[in-house]
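One letter stands for each residue in the lines below.
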Amino acid sequence: MPAYATNMRLKFPILALMLEVVTIVLYALLVVYDTGDAHGDGSHEESNTTHSSVFQDVHVMIFIGFGFLMTFLKRYGFSSVGINLLLAAFGLQWGLLLQNIWHMHNGKITINIEKMINADFSTATVLISFGAVLGKTSPVQLLIMTLLEITTFCINEHLVVGVLGVSDVGASMTIHAFGAYFGLAVARVLYRPGLRNGHENEGSVYHSDLFAMIGTVYLWMFWPSFNSAIAEPGDPQLRAVINTYFSLAACALAAYATSSLVEKKGKLDMVHIQNATLAGGVAVGTCADMDIQPFGAMVIGITAGVISTVGFKFLTPILASKLGIQDTCGVHNLHGMPGILGGLAGIVAAALGKKENVTATYQACGLASSLGFALVGGLITGLIMKIPFWGQPPDQNCFDDSIFWEVPEEEEENEDSAQNQLTSQIKRASPTLLKIKVLHDAIEEPFCLNGSIKNL
Amino acid sequence: MPAYATNMRLKFPILALMLEVVTIVLYALLVVYDTGDAHGDGSHEESNTTHSSVFQDVHVMIFIGFGFLMTFLKRYGFSSVGINLLLAAFGLQWGLLLQNIWHMHNGKITINIEKMINADFSTATVLISFGAVLGKTSPVQLLIMTLLEITTFCINEHLVVGVLGVSDVGASMTIHAFGAYFGLAVARVLYRPGLRNGHENEGSVYHSDLFAMIGTVYLWMFWPSFNSAIAEPGDPQLRAVINTYFSLAACALAAYATSSLVEKKGKLDMVHIQNATLAGGVAVGTCADMDIQPFGAMVIGITAGVISTVGFKFLTPILASKLGIQDTCGVHNLHGMPGILGGLAGIVAAALGKKENVTATYQACGLASSLGFALVGGLITGLIMKIPFWGQPPDQNCFDDSIFWEVPEEEEENEDSAQNQLTSQIKRASPTLLKIKVLHDAIEEPFCLNGSIKNL
Amino acid sequence: MPAYATNMRLKFPILALMLEVVTIVLYALLVVYDTGDAHGDGSHEESNTTHSSVFQDVHVMIFIGFGFLMTFLKRYGFSSVGINLLLAAFGLQWGLLLQNIWHMHNGKITINIEKMINADFSTATVLISFGAVLGKTSPVQLLIMTLLEITTFCINEHLVVGVLGVSDVGASMTIHAFGAYFGLAVARVLYRPGLRNGHENEGSVYHSDLFAMIGTVYLWMFWPSFNSAIAEPGDPQLRAVINTYFSLAACALAAYATSSLVEKKGKLDMVHIQNATLAGGVAVGTCADMDIQPFGAMVIGITAGVISTVGFKFLTPILASKLGIQDTCGVHNLHGMPGILGGLAGIVAAALGKKENVTATYQACGLASSLGFALVGGLITGLIMKIPFWGQPPDQNCFDDSIFWEVPEEEEENEDSAQNQLTSQIKRASPTLLKIKVLHDAIEEPFCLNGSIKNL
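Every chain's residues receive numbers from 1 upward, in the order its sequence appears when written. By the order in which they are written, chains take letters starting at A while ligands take numbers starting at 1. Local features are withheld for residues below a pLDDT of 70 in this predicted model, meaning they are given only at 70 or higher, and side-chain atom pairs are given and counted only at 80 or more; totals for whole chains, interfaces and linings count all residues. Side-chain measures were taken over the full set of non-hydrogen atoms in the model, leaving aside hydrogen atoms and water.

Draft legend 1. Local environment of the confidence of the model for chain A. Residue and element names in this part refer to chain A. As a per-residue measure, pLDDT tells how confident the predictor is, with possible values from 0 to 100. Put simply, chain A has an average pLDDT of 89, and 86% of its residues get 70 or more. The contact definition used throughout considers only heavy atoms, calling two residues in contact when any of these lie within 4.5 Å. The low-confidence segment residues 411-421, where pLDDT is below 50, has 18 contacts with residues more than four positions distant or belonging to other chains. In the model, residues 440-456 has pLDDT below 50 throughout and makes 34 contacts with residues more than four positions away in sequence or in other chains. Scoring of the predicted complex yields 0.91 for pTM and 0.89 for ipTM.

This is the structure in structure tokens:
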């Protein structure tokens, strides 16, 4: 077997269909609709109605937000939005199973809208980690990561939220920090010395940056729904919406200001705008439903915006060169550090009594547990993903859709199509250059005109 | 009159304004707000509130979903998203009139949010058919198709759902199968032998495929709202959301797996991902609100994903070469076959007693009626559209916005602009090539350098 | 100091952070959650639930709608969507403060979802004005405009709606006409004679027009939410949704028809489709919640569509050449004239008694006040923005992201990168042109033609 067995024809379909068939069997055995009305008072229907618009917002964040955010790479848009859809589509089925395995009634898992929101949430961890290894992994590797990461996430979430009763309504710790450090651990194991000096495809083009902004803006807009989706209805939910709204607004100003400050000539950098403007949503997550007041949320947001932008500028290159962590999308800056900031803010808020029945100690345990599970889980997952059989692309094919996708010919930059393009360009440009071509063709063999020209 | 009278200057504005003026007159005579509260218990207001977020989801599917899904063609994006808007904007006005002509109170049609959702639905049939003839028709032809198709749709829907009481909550039969076979019948009548061997513009470029993914992902995300929009509130609506969510998730895995399996080298094909991932939403439509359990929905989804992908790969070329049906977007694979699958699943579910008051016989009649109206209506509509006066583009201008749109010069691929482009490219590239141009200009007249070169 | 001090490194971050810090201090002093339930009957919670999906729709219009609508320019997409986000993020914080300074309880402003919707609304004025000066201003100038325009808007809105009790539910007068004429006044003060004959970057390319259509379609779809967001729940809100839906549908037909009518060869123009299709939403704003019946809304829509398209074709060039008003996005045609039309329609509707407690006289005062505040405020703001210190770009760098943004190299159209591009194109096209280059290189020195080529 060669080191790079990147032909997916059998291994990918077999793995994908096998996972889906196993999932269907488990659903046939375990999963039913939540159509009973336990309280007999209509609260059940009301709850589903209330949740349905929030559910759609979260759905948009998962599939459009994360998907398009990663299309910034010039030749990796198909994979970004396409594999994002694949992983999330599998992840939500798997997540719903594992999240509810702890709460079965009569041996059955009952599904309602709230559980579908939580299933969407569980996929976010994978999509965050996907950002760390973007461009350097095969669809097979990523399906394996999805399976293992969601499993790890569900265990940690059950421990932190279910057992310890830690408050993490917007999931700064259990999703963002977890997903980031899990992905960074995987990226560490999959370290590629050959990409030390960068890769020609590891950058954006003008329109790919605009596609990425679709993702950014949707995440930015709907983050209030993300952070409030599973908050207690009423005042806590309202607080979660308001805090997130203002944290993000303050964070945007901070990200723009810092981006201009750290770039020579004071120009804005799209990488910062696409990512650091969102750090306020991450960082306010844990205490989104707490009584921190709008200005408190804004302080968290402005801090996150500065930290995140500075991270992109100065920390990401150091992580790559010193620690061997090649973090394609900079998830450490968008989800990692802001996630920890969110966890710390939650500890402080708990200590200040901003939410009932929440203690700083347990909050700290929740943060530690999330980081621990992420790092250990990520390392083990990375080792499994490193097995050469899974079709990891060779260095020179990284950040390039064409290794796993049929890509339209025109823009495929191989010699043939480039020549065709130029030839037809020249044809159209007649007479300016066509005659040069005629001249050239005439002299091509034996590449001299005659005595005189030969002497050139 | 020439065979191709493609100048739209009078015929298009006259037709469009005439249709709009007639519509306004009919609205002035017939249509009023549904502002009375028939039950006097507030249920009226509650219904509008409940429907309003679903309404927006459906609206997004119609205008963003269908519109951008069709932007995959490299030079037909303006028409895809622009004409989609035009047809839907007229179609919803016309559809609302005809759908409610059967249910007038005191000679008036009363409008509420639910009726606006249904009006949006009626336009979906046209947008599906649009996909079959995409790139080969004029805006005038398409407005005529909109008028006739929505009229036919409303008759069939009234017969199937209103008279026979067939259950088709997600409209697998009455919208998807209907729209697909109507469009295929039109495409058959408008068969173009000149396009037998393809057309240079009938393909995508890298970024047009990404624009199309915006459409795909929105359709995928909001399909649960589409299938549940007019379901009975409460358990049936919840089931419709859950079944569609899981059918689509399973379908996505199946489409990815099958795409890799049927392509040489196991690569993924964007055409499959853009379309076949959605087949699960179509196929689960008829029995979305029935008690088929989540795993039942997943079985339907996985089947639809496989059938649809295989259809794109193997059936579409055969339809074109053997039956003279040139189906630009492959609506047969996304809406046709999955729509029939949905109808069949509904028959089976009815036979198994999955919904009260629904019988397999009537369900089968509903499917037959939808297909019959579609084929006959499509053939007649196609014949009317074939009249040369409506500005059908000649073969060589197919799949090209520039015949009906002002297109920005830079990328217009005519000789002049290409020459300008190249000249300015050369100017900027000085001195590498500019001197060659100087050399060339010097030798251009009399196109010889001297005795020796003259002999070339 | 040079006339064009476009390096933003210090002035932009300082201004942005200063504004944010001042805002946070004011929030710490004045702003709290609206978590009390004044009526003790749950109406408070219900109100927030009802508003939350409308809030997201408005949010999408502000950030995606306005942002992407302006990406039509070929080299100004980063600024369009990026600076749109910056201005709206600051504007909503500032707007919420000023809008509620008139209605404090116990010295505090209480925030709920409805007030966040209104804060989003206040930013729309700035984003409309941004369209008039798009491409010709620096981020610093635009932050100053945001501060001053929202302040002016809040005074006028308080006077018109709060004091005079004018009815303007969809804000045709107080937002659209106000924002347009404010922006036009600023544009007049910032008149650039050097751009009299256009600018090579002041146009679109194929894909930038498609990005702009994302903005158009989202604005078109969610406008019913915009016009109904702050309407009285129940019948008035339902009327606002219905009227806007039908006004936009009729307007779309009119815009398409007129676009084809005024263009030679009857082709459609993307500028008209992107903008004039939306004029119906603007024009029906003031009387959206009034009892004008669907056909009345359609008459307003069709009128707006015609006026707006004709304005783009004939009026915009005259404004630029005769009045020195260079209106980049044509906001006069989308927001200005349709806004006035909306105000006039409101006066007529009030005179006809279509809404209780509304008089034609007060409506007329509302329109006059909005126009007056806009023109005077805009002129003063323009004069302040004209101070050279704020980094206004020189004429030759207008409509070009690269003056304030890091732009990916490939597409940066400077001599160096163009040369690299062409060289690598030629390399790939070997042997067609590479040998010409070899030939050229060989003859380059001494590069002259004479007797024989040898002496070149």
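Okay, back to it.
Draft legend 2. Region of interest: the environment of P13(C). The way it works is that DSSP assigns letters per residue, a run of H or I at least four long becomes a helix, a run of E at least two long becomes a strand, and they are numbered from the N terminus. Mapped onto the elements of the fold, P13(C) is located in helix α1 (residues 11-30). Taking the C-alpha atoms as reference points, P13(C) and V140(C), 127 residues apart in sequence, are found 9.1 Å from one another.

Draft legend 3. Structural context of the environment of L10(A). Residue and element names in this part refer to chain A. By secondary structure assignment, the location of L10 is in the segment before α1 (11-30). Buried, partly exposed and exposed residues are distinguished by accessible area as a fraction of the type maximum, computed with a 1.4 Å probe on protein chains only: under 20%, between the cut-offs, and over 50%, respectively. Judged by relative accessible area, L10 falls into the exposed class, the value being 55%. Distance in space between the C-alpha atoms of L10 and L253 is 49 Å, their sequence separation being 243 residues.

Draft legend 4. Focus on the packing of aromatic side chains. Aromatic pairing here means that ring centres of Phe, Tyr or Trp (its six-membered ring) are within 6.5 Å. Orientation follows from the plane angle: under 30 degrees is stacked, over 60 is edge-to-face, and everything else is tilted. In this structure the tally under the stated criterion is 48 aromatic pairs over all chains. Taking the centre distance of 6.2 Å and the plane angle of 20° together, the rings of F90(C) and W94(C) count as stacked. With a gap of four residues between them, F90(C) and W94(C) both fall in helix α3 (residues 77-100), about one helical turn apart. Judged by its relative accessible area of 0%, F90(C) falls in the buried class. Geometrically, the ring pair formed by F389(C) and W390(C) is edge-to-face, given 5.5 Å between the ring centres and 70° between the ring planes. Among the residues examined, W390(C) registers a relative accessible area of 21% and is labelled partly exposed. Three or more aromatic residues joined by ring pairs make a cluster, and in this case those are F68(A), F211(A), F68(B), F211(B), F68(C) and F211(C). Above the plane of the ring of F389(C) lies K11(C), whose end atom (NZ or CZ) is 4.6 Å from the centre. For R75(C), the ring lying beneath its charged end belongs to Y206(A), and the centroid distance is 4.4 Å. In this scheme, Lys NZ or Arg CZ marks a charge over a ring once it lies within 6 Å of the ring centre and within 35 degrees of the ring normal.

Draft legend 5. Expanded view of helix α12 (residues 331-351) of chain A. Each residue after the first adds 1.5 Å to the expected span of a helix. Its 21 residues place the ends of α12(A) 29 Å apart at the C-alpha level, agreeing with the 30 Å of an ideal helix rising 1.5 Å per residue. Across the 21 residues that make up α12(A), a large majority, 17, are buried.

Draft legend 6. Molecular detail of unusual backbone geometry. For A171(A), which is not a glycine, the phi torsion comes out positive at approximately 65°. Along the polypeptide, A171(A) turns up in the loop between α5 (139-163) and α6 (172-189). The exposure class of A171(A) is buried, given its relative accessible area of 5%. A positive phi angle, near 55°, is found at N106(C), a position not held by glycine. Along the chain, N106(C) turns up in the loop between α3 and β2 (109-111). Among the residues examined, N106(C) registers a relative accessible area of 80% and is labelled exposed.

Draft legend 7. Here's a closer look at the nonpolar core. For this analysis, a nonpolar core means a set of buried residues of the types Ala, Val, Leu, Ile, Met, Phe, Trp, Tyr and Cys, connected via side-chain atoms within 4.5 Å. The biggest cluster of nonpolar side chains holds 408 residues, and the ones touching the most others in it are Y218(A), Y218(B) and Y218(C). Setting aside its immediate chain neighbours within four residues, Y218(A) contacts V60(A), M61(A), I64(A), Y218(B), V60(C), I64(C) and Y218(C).

Draft legend 8. Main features of a nonpolar patch on the surface. On the surface, a nonpolar cluster with roughly 420 Å² of combined accessible area is contributed by V376(A), I380(A), I384(A), I387(A) and F389(A). Inspection of the secondary structure assignment puts F389(A) in the loop between α13 (360-385) and α14 (415-428). Without a salt bridge and with relative accessible area above 30%, a residue can belong to a patch; like charges are then joined within 9 Å and nonpolar side chains (Val, Leu, Ile, Met, Phe, Trp, Tyr) within 5 Å. Reported accessibility uses the Shrake-Rupley method at a 1.4 Å probe radius. Residues are deemed covered only where the shown protein chains occlude them. We define a salt bridge as a side-chain nitrogen of Lys or Arg found within 4 Å of a carboxyl oxygen belonging to Asp or Glu.

Draft legend 9. Summary view of the packing of helix α4 (residues 113-133) of chain B against helix α8 (residues 235-262) of chain C. Convention adopted: a line fitted to C-alpha atoms gives each axis, helices being fitted over their contacting stretch, and angles between N-to-C directions are expressed from 0 to 180 degrees. Packing of α4(B) against α8(C) brings their axes to within 11 Å, and their N-to-C directions diverge by 25°. As judged from the angle between their axes, α4(B) and α8(C) are roughly parallel. When you trace α4(B) past α8(C), the crossing you get is left-handed. Across the interface between the two elements, I113(B), M116(B), A119(B) and D120(B) from α4(B) touch L238(C), V241(C), I242(C) and Y245(C) from α8(C). Of the residues contributing to the contact of α4(B) with α8(C), the split by class is seven nonpolar, no polar and one charged. An angle below 35 degrees is read as roughly parallel, one above 145 as roughly antiparallel, one from 65 to 115 as roughly perpendicular, and any other as oblique. Crossing chirality is assigned from the near helix's rotation relative to the far helix, an anticlockwise turn below a right angle marking it left-handed and a clockwise turn marking it right-handed. Charged means Asp, Glu, Lys or Arg here, nonpolar means Ala, Val, Leu, Ile, Met, Phe, Trp, Tyr, Cys or Pro, and polar covers whatever is left, Gly included.

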